[in-house]
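Topology and contacts: notes
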Amino acid sequence: QAQVLIPVPANTALFKTAFARYAKTVHKTQNAFTLGDDTYYATVYKNAFDGRDYTFSFILNETRRTHEKHRLLAAMERVERTFEQSPPKNKAAALAILGSLPAGSRSKVFSLKHLDDGTWTPERRHKAVSRRTNRMGYVLLMTDDGQPHTAAGMLEHYRDRDGVEKLIDNLKNA
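I will try to describe carefully the structure that is included in this document. Residue positions are given per chain, counting from 1 as you read along its sequence in written order. The predicted origin of the model limits local features to residues at a pLDDT of at least 70 and limits the giving and counting of side-chain atom pairs to 80 or more, whereas totals for whole chains, interfaces and linings rest on all residues. Hydrogens and waters are ignored; side-chain quantities use all the structure's heavy atoms.

Some thoughts on the overall build of the chain
Of the regular secondary structure elements, the chain holds five helices and seven strands. We count a stretch as a helix when DSSP gives it H or I for four or more residues in a row; a strand needs E for two or more, and each element gets its number in order from the N terminus. Ordering the α and β elements of the chain from the N terminus gives β-α-β-β-β-α-α-β-β-α-β-α. Two things to know: the radius of gyration comes from C-alpha atoms, and the globule rule equals 2.2 Å times the number of residues to the power 0.38. Whereas a compact globule of 174 residues would reach a radius of gyration of roughly 16 Å, the chain reaches 20 Å, over 25% beyond that. By principal-axis analysis of the C-alpha atoms, the chain measures approximately 65 × 45 × 35 Å. Partly exposed describes any residue whose relative accessible area lies between the buried limit of under 20% and the exposed limit of over 50%, with all areas from a 1.4 Å probe on protein chains only and scaled to the type maximum. When burial is assessed residue by residue, the chain has 34% of its 174 residues classed as buried. In what follows, a contact means two residues having at least one pair of non-hydrogen atoms within 4.5 Å. Here the contacts in the chain between residues at least 6 apart in sequence split such that 60% fall between residues at least 24 apart.

Notes on the pairing of strand S3 (residues 38–49)
When DSSP finds at least two bridges between two strands, those strands are taken to pair. Across four bridges, the pairing between strand S2 (residues 32–35) and S3 is antiparallel. Bridge assignment links Leu 35 to a residue of S3, and that residue is Asp 38. Connecting S2 to the next strand, S3, in antiparallel fashion are two residues, including Gly 36 with a positive phi near 65°. By the bridge criterion, ten bridges tie S3 to strand S4 (residues 52–61) in an arrangement that is antiparallel. Across the sheet, the residue bridging to Thr 43 is Phe 58, located in S4. Between S3 and the antiparallel strand that follows it, S4, lie two residues; Asp 50 among them carries a positive phi value of about 55°.

Quick word on helix H1 (residues 13–22)
Three or more residues of H1 are buried, namely Leu 14, Phe 15, Ala 18, Phe 19 and Tyr 22. Angularly, the buried residues of H1 cover 130° about the axis, an arc narrow enough to put them on a single face. Among the exposed residues of H1, those oriented more than 90 degrees off its buried face are Ala 13 and Ala 20. It is the directions from the helix axis to the C-beta atoms whose arc is reported.

A word on the packing of helix H2 (residues 62–85) against helix H3 (residues 91–98)
Here an angle of 0 to 180 degrees is reported between the N-to-C directions of two axes, which are lines fitted to C-alpha atoms, with helices fitted over the stretch in contact. Contact geometry of H2 with H3 gives a least axis separation of 9 Å together with a crossing angle of 150°. Overall, the two elements H2 and H3 adopt an arrangement that is roughly antiparallel. Relative to H3, H2 is oriented so that their crossing is right-handed. Residues Val 79, Thr 82 and Phe 83 of H2 lie in contact with H3, whose contacting residues are Ala 94, Ile 97 and Leu 98. Every angle not falling under 35 degrees, over 145, or within 65 to 115 is termed oblique; those three ranges are roughly parallel, roughly antiparallel and roughly perpendicular. Note on convention: near helix rotated counterclockwise from far helix by under a right angle means a left-handed crossing. Clockwise means right-handed.

Regarding the packing of H2 against helix H4 (residues 126–134)
At a minimum axis distance of 10 Å, the contact between H2 and H4 shows a crossing angle of 150°. What the angle tells us is that H2 and H4 run roughly antiparallel. Touching Arg 65, Lys 69, Leu 72, Leu 73 and Met 76 of H2 are Val 129, Arg 132, Thr 133 and Asn 134, all from H4. Residue classes in the contact of H2 with H4 are distributed as four nonpolar, two polar and three charged. Under the scheme applied, nonpolar residues are Ala, Val, Leu, Ile, Met, Phe, Trp, Tyr, Cys and Pro; charged residues are Asp, Glu, Lys and Arg; polar residues are all the others, including Gly.

Re the sheet that holds S4
Strand order in the open sheet made by the five strands is S1-S7-S4-S3-S2, with antiparallel pairing throughout. The two strands at the open ends of the sheet, each matched to only one other strand, are strand S1 (5–8) and S2. Mean inter-strand twist for the sheet, computed between neighbouring axes without regard to direction, equals 35°. Where H1 meets the sheet, its contacts fall on S1, S3, S4 and strand S7 (138–143), and the angle it forms with S7 comes to roughly 115°. Helix-sheet contacts for H2 involve S3, S4 and S7, and the interaxial angle to S4 is about 55°.

Some thoughts on the pattern of salt bridges
Within this document, salt bridges are pairs made up of a side-chain nitrogen of Lys or Arg and a carboxyl oxygen of Asp or Glu, the two lying within 4 Å of each other. Taken as a whole and assessed by the stated rule, the structure comprises five salt bridges. Residue Arg 64 pairs with Glu 68 through a salt bridge whose shortest N-O separation is 2.6 Å. Taken together, the positions of Arg 64 and Glu 68, both in helix H2 and four residues apart, correspond to about one turn of that helix. Lys 113 serves as the salt-bridge partner of Glu 123, at 3.7 Å between the closest nitrogen and oxygen. With Glu 123 in strand S6 (residues 120–124) and Lys 113 in strand S5 (residues 110–114), this residue pair connects regions lying ten residues apart in the sequence.

Right, here's the structure in full:
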């Protein structure tokens, strides 16, 4: 039987369930570890999925979360400044400005409002911004390897495997 170690996509029920169950409790000192310059918080648990037993590691990369949050908020501020400096006269131009936001955020963190002077302005969707930033930095890894695992061990193994796959891809496409 092949061993599987994969990241679970954030838009799946597995990830959403893990997020709902562990996001508020994972950020504790006893769950902390470091790899390189990054600080992580994680919990490891076992669960059955599709008739098989898996080990899951729900991981928060605090360093990445801080970086991603700063990047999104800085991009939002740049968009707001652009609208202030040169208010667009049509919706297409306004949408083009929103296109400078990071992927996945474009239509979610702002709504567009048409003003009486014929220009468009962005309005922050505070709940959407909060929801987006609260999910930043999390990853869920799953493996069917029956051996006991630590979150750090699973993450290191995944990084090693990911590095090998990228190297092979580079060699194939060189």
